[in-house]
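Report on the structure
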Amino acid sequence: MPDVVVVGAGCAGAPTAMLLARAGYRVTLVDRARFPRDTLSTHYLQQPAVALLRDWGLLDAVHGTGCPHIARLRYRAGGVSIDGPLWTFDGIGYALGPRRYLLDQLLVEAAVAAGVDFRPGRRVTDLIVEDDRVAGVLLRAGTGAPERLRAPLVVGADGMRSVVAARAGAAVRVTDPPRTCVYYSYWPGVSDRFEIHEAPGRWIGVVPTNDGLTLVAAYFPQSEYPGVRRDAGAAYLAAVRDTAPDVQARMMAVQRAERLYGTGAQLNFFRQPVGAGWALVGDAGHHKDSLTARGITDAFHQARLLADSIGTGLDLGSPDRLRPALRRFADRRDELLRDEYQHTLTLARLELPPRRLASLRAVSEDPVRAGGFFRSLCGHPFQDRMRPP
Ligand SMILES: Cc1cc2nc3c(=O)[nH]c(=O)nc-3n(C[C@H](O)[C@H](O)[C@H](O)COP(=O)(O)OP(=O)(O)OC[C@H]3O[C@@H](n4cnc5c(N)ncnc54)[C@H](O)[C@@H]3O)c2cc1C
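In this text, all values refer to a predicted model and were calculated from it rather than measured experimentally.

Rules used in this analysis
- Residues numbered from 1 in each chain as written.
- Predicted model: local features only at pLDDT ≥ 70, side-chain atom pairs only at ≥ 80, totals over all residues.
- Heavy atoms only, no water.
- Salt bridge = Lys/Arg side-chain N within 4 Å of Asp/Glu carboxyl O.
- Helix = DSSP H or I, 4+ residues; strand = E, 2+ residues; numbered from the N terminus.
- Buried < 20%, exposed > 50% of the residue type's maximum accessible area, 1.4 Å probe, protein only.
- Axes fitted to C-alpha atoms, helices over the stretch in contact; angles between N-to-C directions.
- Parallel < 35°, antiparallel > 145°, perpendicular 65-115°, else oblique.
- Left-handed = near helix turned anticlockwise from the far one by under 90°.
- Contact = heavy atoms within 4.5 Å.
- Core = buried A, V, L, I, M, F, W, Y, C linked by side-chain atoms within 4.5 Å.
- Domains from an automatic or database assignment.
- Buried area = accessible area lost by both parts, 1.4 Å probe.
- Polar contact = N/O pair within 3.5 Å; in protein donor to acceptor, adjacent residues only side chain to side chain.
- Phe/Tyr/Trp six-rings, centres within 6.5 Å; stacked < 30°, edge-to-face > 60°.
- Near = heavy atom within 4 Å.
- Areas by Shrake-Rupley, 256 points an atom, 1.4 Å probe, with all protein chains shown as cover.
- Nonpolar A, V, L, I, M, F, W, Y, C, P; charged D, E, K, R; others polar.

With respect to the pattern of salt bridges
In total, this model carries 30 salt bridges according to the counting rule given. Of the charged contacts in the structure, one is a salt bridge between Glu340 and Arg294, with a shortest N-O distance of 3.2 Å. Pair noted here: Glu340 is in helix H10 (residues 319-347) and Arg294 is in the loop between strand S20 (286-287) and helix H9 (295-310), with a separation of 46 residues, a long-range link. In this structure, Glu340 and Arg294 share a single accessibility class: buried. Among the charged side chains, a network of salt bridges with common partners joins Arg74, Arg76, Asp83, Glu195, Asp246 and Arg250.

A few points about the packing of H9 against H10
Where H9 contacts H10, the axes come no closer than 8 Å and their chain directions differ by 150°. Relative to H10, the element H9 is oriented roughly antiparallel. The chirality of how H9 crosses H10 is right-handed. Listed contacts from H10 to Asp298, His301, Gln302, Leu305, Leu306, Asp308, Ser309 and Ile310 of H9 are Ala325, Leu326, Arg328, Phe329, Arg332, Arg333, Leu336 and Leu337.

What to know about the nonpolar core
Counting 101 residues, the largest nonpolar core has Val27, Leu29, Tyr75 and Phe300 as the members making the most contacts within it. For this core, the element with the most residues is H10, which contributes 10 residues. Residue assignment places this core across two domains, with domain 1 (4-43 + 99-176 + 266-347) and domain 2 (180-263) each supplying three or more. One finds Trp187, Val216, Ala239 and Ala244 within the second-largest nonpolar core, a separate group that totals 20 residues.

Here's the deal with the domain arrangement of the chain
The domains assigned to the chain are domain 1 (4-43 + 99-176 + 266-347) and domain 2 (180-263). Each of domain 1 and domain 2 was reduced to a C-alpha centroid, and the two centroids are 31 Å apart. Between domain 1 and domain 2 lies a buried interface of about 1300 Å² when both sides are counted; carbon and sulfur atoms form 55% of it. A per-residue breakdown of the area domain 1 buries against domain 2 is headed by Thr42, Arg99 and Leu291, which together make up 43% of the total. Our enumeration of links across domain 1 and domain 2 arrives at one salt bridge. Two residues, Arg99 and Glu258, come together in a salt bridge whose shortest N-O distance is 3.0 Å. Where domain 1 touches domain 2, the interface holds eight residue pairs in polar contact (both at pLDDT 80 or more).

Points about the packing of aromatic side chains
Taken as a whole and judged by the stated rule, the model has 10 aromatic pairs. Where Tyr44 meets Phe194, the ring centres are 3.9 Å apart and the plane angle is 20°; that geometry is what we call stacked. Of this pair, Tyr44 sits in the loop between strand S2 (27-30) and helix H2 (47-55) while Phe194 sits in strand S13 (residues 194-199), and the two are 150 residues apart along the sequence. When its relative accessible area of 12% is taken as the criterion, Phe194 is described as buried. On the basis of an interplanar angle of 20° and a centroid distance of 5.4 Å, the ring pair of Tyr184 and Tyr261 is categorised as stacked. Here Tyr184, found in strand S12 (residues 180-188), pairs with Tyr261, found in strand S16 (residues 261-263); they are 77 residues apart in sequence, far enough to count as distant. Per residue, the accessibility class of Tyr184 equals that of Tyr261, and both read buried.

Topic: the environment of Asp211
Position of Asp211 among the secondary structure elements: in the loop between strand S14 (202-208) and strand S15 (213-221). Through-space distance from the C-alpha of Asp211 to that of Pro188 is 8.3 Å; in sequence the pair is 23 residues apart.

Side note on the site of the ligand
Around the ligand sit 32 residues, and of these Asp31, Thr42, Val124, Asp283 and Ile296 come closest. Here an oxygen atom of the ligand sits 2.6 Å away from a polar atom, N or O, in the main chain of Ile296. Protein chains bury 93% of the 1000 Å² of accessible surface belonging to the ligand in isolation. Sorting the residues of the shell around the ligand by element identifies strand S7 (123-130), S12 and H9 as the ones contributing at least two each. Counting residues per element, the shell around the ligand draws most heavily on H9, which supplies three residues. Its residues assigned to classes, the shell around the ligand shows 13 nonpolar, 10 polar and nine charged.

Now the structure itself:
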């Protein structure tokens, strides 16, 4: 019997499994998918996420996929231009944009190398509950008979529609309506930097990724989703043309490399993250609009927080010992995510009010304010540790 079952082997579950295995626990990691698998993402890993990959010994492997360093930002909003190098977090002065079928596969391989028993192609359908505690999972391979997998701790890392959260009865503590929808595709060589182009009702994000491709994403208000999805290709191109004409000119000089991807499921919520015998990490416990590109960074940091909160040598079978460790994780998680949730909701309104525009203009004209702007880009929890390039 494992000490921990982690459900979901994405960028929250695989590092959680890896770190707990490195801490000496017997960990089984299950995923309904077979890997490598892709997932919706604009791939942007902020410097604090890159720093964790380095700390975990995985950065060389990510560089080995050929995804370029992203060392500069170009920001355009209402005639204001801000350009400059990204600040440094813990010695890392660049972001990365690895494709998810590469990144998530590397994370799973790292978990397996740490001793995790990885079982792909298995869907968790329910939890085993005994004496009011979660005591394992029921899982199924294809149409086979359900299997029982018992463990004193079940970690739900199974994404925003988490079965673990639903079956454990995790309460939704905060929820806000979706604010945006997004479409994106890949274009050869459109940019070598992270770009954001903002206009009222539109937000264009540009991220260089693997194979010389650049991801170009267009965000729209959620209220426009039914209309946008009727002809997403035309809406996407018109949004880029009207908001970021220079990006559109670069796109028109090349051929689109892949189909268009998109979603309106930009959910915003916090779920109760822990309970008797269970915890949630990543999108399973908290989700917010993707336009601030924080989900992977948040997932990595939640994996670290959970593993640190449990520590080494804990008797996970003892509810009295496990409970305070999970409580520590829950408190630290909320501290990590609270402010950036509000900030993301504000930006996801896709408004460009005069006060914010005036503040962006001041940033573009004053090097001291520009420093504050670049320092704050990775979010409130990290800004005290950001250093100039
Ligand atoms: C359009 C878009 C763009 C984004 N762009 C960025 C970005 O640029 N930067 C960033 O940091 N974040 C971004 N995000 C957010 C980021 O992708 C997510 O926050 C991140 O993938 C969450 O990881 P996760 O492991 O929690 O969940 P997921 O990646 O969803 O992984 C969940 C895993 O659980 C498995 N699973 C689900 N149900 C079951 C079950 N019942 N049994 C077994 N396995 C199960 C799934 O197969 C999957 O592998 C974006 C999101 C979207 C939608």
